[in-house]
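Overview (structure and organization)
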Amino acid sequence: MISPIILYEDNDLVCVVKPAGMPTQPDKTGDIDIMTFLSSYLEKKKAENSYIGLIHRLDRPVGGVLLFSKNKYTNSRVSQMMQQNKIKKEYLAIVCGKTNQEGILENYLRKNGKTNLSFVVEKPTVDSKKAILSYNRVQTIKENQQYYSLLNINLKTGRHHQIRVQLAYAGIPIWGDQKYNTLQQWKKGTSMALWCYRLTLKHPKTNQNLTLQYIPKQEPYSKFTIFE
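Throughout this document, residue positions are counted from 1 along each chain, in the order its sequence is written. This being a predicted model, a pLDDT of at least 70 is required before a residue's local features are given, and a value of 80 or more before pairs of side-chain atoms are given or counted; all residues contribute to the totals for chains, interfaces and linings. Note: side-chain values were computed over all heavy atoms of the structure, leaving out hydrogens and water.

1. Remarks on the state of the cysteines
Filter applied, for reference: Put simply, a disulfide is two cysteine sulfurs that come within 2.5 Å.
Evaluated as defined, the whole model comprises zero disulfides. Summary of cysteine pairing: Cys 196 is not part of a disulfide, and the nearest cysteine sulfur, belonging to Cys 15, is at 8.4 Å.

Quick look at the structure:
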């Protein structure tokens, strides 16, 4: 597994590139996670403040940029910004099939706590939540008689497995998604092609615009000429 990368750091924030397959925080597997990695990183730096505040998460199979706070004040401010959708989250996803040049997906999702899976309901219910995302198609390729499209996704809401569920329901499931992509058989250990590549926000202390971005270069993203 690729090691995490410190993408940005100041006295208030630290941004890490999470490899796909690594947990965001400790779980029952006992595998190394991003929060433990950060704690070790700050310890090695002999930092005066070892506080690490979790602001948002990425599912274990999803890679990309993760933002953490380094003090309680910043954690409160940035968490509030996240809840108010003042932090723009953009993803890259490789989906199976052709798509429109752009589109908006709007659904109501319900989560099954026993299976840890979410699904679309046709009509809103008491326990369902509205989910919205928009996408632009960057490029489509053909490989082994199959079409694959690279999408730039702007996440408007943050629901459980939202991107994975909505794209699968739209008939364009994510490449390598072993839970929601039933169109193809995936080998165990296949990395899912969903990546949080950019966060845009105003710094909670300086109010300056901050863009945190990391473009993946490994397969299957390397199959697209846009990354050459």
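2. Some points on helix H1 (residues 34-45)
As a reminder, the rule being used: For helices the rule is a DSSP run of H or I covering at least 4 residues; for strands it is a run of E covering at least 2, with both sets numbered from the N terminus onward. The span you would expect from a helix comes to 1.5 Å times its residue count less one. For the exposure calls, accessible area comes from a 1.4 Å probe over protein chains only, and a residue counts as buried if that area is under 20% of its type's maximum, exposed if over 50%, partly exposed in between. Note: the arc covers the axis-to-C-beta directions of the helix. Residue contacts are defined here by distance: any two heavy atoms, one from each residue, within 4.5 Å place the two residues in contact. Within 3.5 Å is the distance limit for a polar contact, defined as a pair of N or O atoms, with the added protein rule that one can donate a hydrogen and the other accept it, and that residues adjacent in sequence qualify only through two side-chain atoms.
Taking 1.5 Å of rise per residue, twelve residues should cover 16 Å, and H1 covers 16 Å from first to last C-alpha, within 8% of that figure. Among all positions in H1, only Ile 34, Met 35, Leu 38 and Leu 42 are buried. One face of H1 carries all of its buried residues, which in axial projection span an arc of 95°. Structural note: H1 exposes Glu 43 and Lys 44 on the side pointing more than 90 degrees away from its buried face. Taken together, the buried residues of H1 touch strand S1 (5-9), strand S2 (13-18), strand S3 (53-54) and strand S4 (63-69). Taking the backbone nitrogen of Met 35 as reference, a side-chain oxygen 3.1 Å away marks Asp 33 as the first, capping residue of H1.

3. What to know about the pattern of salt bridges
Rules: The salt bridge definition used is simple: a Lys or Arg side-chain nitrogen within 4 Å of an Asp or Glu carboxyl oxygen.
Taken as a whole and judged by the stated rule, the model has ten salt bridges. Where Arg 60 meets Asp 27, a salt bridge forms, and the shortest distance between an N and an O atom there is 3.4 Å. You can see Arg 60 sitting in the loop between S3 and S4 and its partner Asp 27 sitting in the loop between S2 and H1, a full 33 residues away along the chain. Two residues, Lys 223 and Glu 143, come together in a salt bridge whose shortest N-O distance is 3.2 Å. Of this pair, Lys 223 sits in the segment after strand S11 (209-213) while Glu 143 is found in strand S8 (residues 129-143), placing the two residues 80 residues apart along the sequence. Since its relative accessible area comes to 32%, Lys 223 is described here as partly exposed.

4. Quick look at the packing of aromatic side chains
This is how it is decided: Think of it this way: a Phe, Tyr or Trp ring, Trp meaning its six-membered ring, pairs with another when their centres are within 6.5 Å, and the plane angle makes it stacked under 30 degrees, edge-to-face over 60, tilted otherwise.
This model, assessed by the stated rule, comprises two aromatic pairs. Relative to Tyr 214, the ring of Trp 195 lies with its centre 6.2 Å away and its plane at 35°, an arrangement referred to as tilted. Here the residue Trp 195 occupies a position in strand S10 (residues 194-202), and Tyr 214 occupies one in the segment after S11, the gap between them amounting to 19 residues. Geometrically, the ring pair formed by Trp 195 and Tyr 221 is edge-to-face, given 6.4 Å between the ring centres and 70° between the ring planes. In this pair, Trp 195 is assigned in strand S10 and Tyr 221 in the segment after S11, connecting sequence segments 26 residues apart. Residue Trp 195 is classed as buried on the basis of its relative accessible area, which comes to 4%. Three or more aromatic residues link up through ring pairs in this structure, and these residues are Trp 195, Tyr 214 and Tyr 221.

5. Notes on the side chain of Asn 75
Tracing the backbone shows Asn 75 in helix H2 (residues 72-83). At 2.8 Å, the side chain of Asn 75 and the side chain of Ser 69 are in polar contact. Beyond its immediate stretch of four places on either side in the chain, Asn 75 contacts Tyr 51, Gly 53, Leu 54, Ile 55 and Ser 69.

6. Digging into the nonpolar core
If you look at soluble globular proteins, the nonpolar side chains tend to sit buried side by side. Let me state the cut-off plainly: Side-chain atoms within 4.5 Å are what join buried Ala, Val, Leu, Ile, Met, Phe, Trp, Tyr and Cys residues into a set we call a nonpolar core.
Counting residues in hydrophobic clusters, the biggest one holds 55 residues, and the most contacted among them are Leu 67, Phe 68, Tyr 91, Ile 153, Ile 163 and Leu 167. Membership of the second largest hydrophobic core comes to five residues, among which are Val 120, Ala 131, Val 165 and Tyr 180.

7. Some remarks on the environment of Thr 182
Looking at where Thr 182 falls in the secondary structure, it is placed in the loop between helix H3 (162-169) and S10. With 77 residues separating them in the primary sequence, Thr 182 and Leu 105 have C-alpha atoms 20 Å apart.

8. Details of the side chain of His 161
Looking at where His 161 falls in the secondary structure, it is placed in the loop between strand S9 (146-155) and H3. Classification of His 161 as buried rests on a relative accessible area of 7%. Polar contacts involving the side chain of His 161 include one to the side chain of Tyr 180, which spans 2.7 Å. Once you skip the residues sitting within four places of it in the chain, His 161 turns out to touch Asp 59, Asn 116, Lys 179 and Tyr 180.

9. Digging into the environment of Lys 72
In this fold, Lys 72 is placed in helix H2. Sequence-wise, Lys 72 and Ile 104 are 32 residues apart; in three dimensions their C-alpha atoms are separated by 36 Å.

Keep in mind these numbers describe shape, not what the thing actually does.
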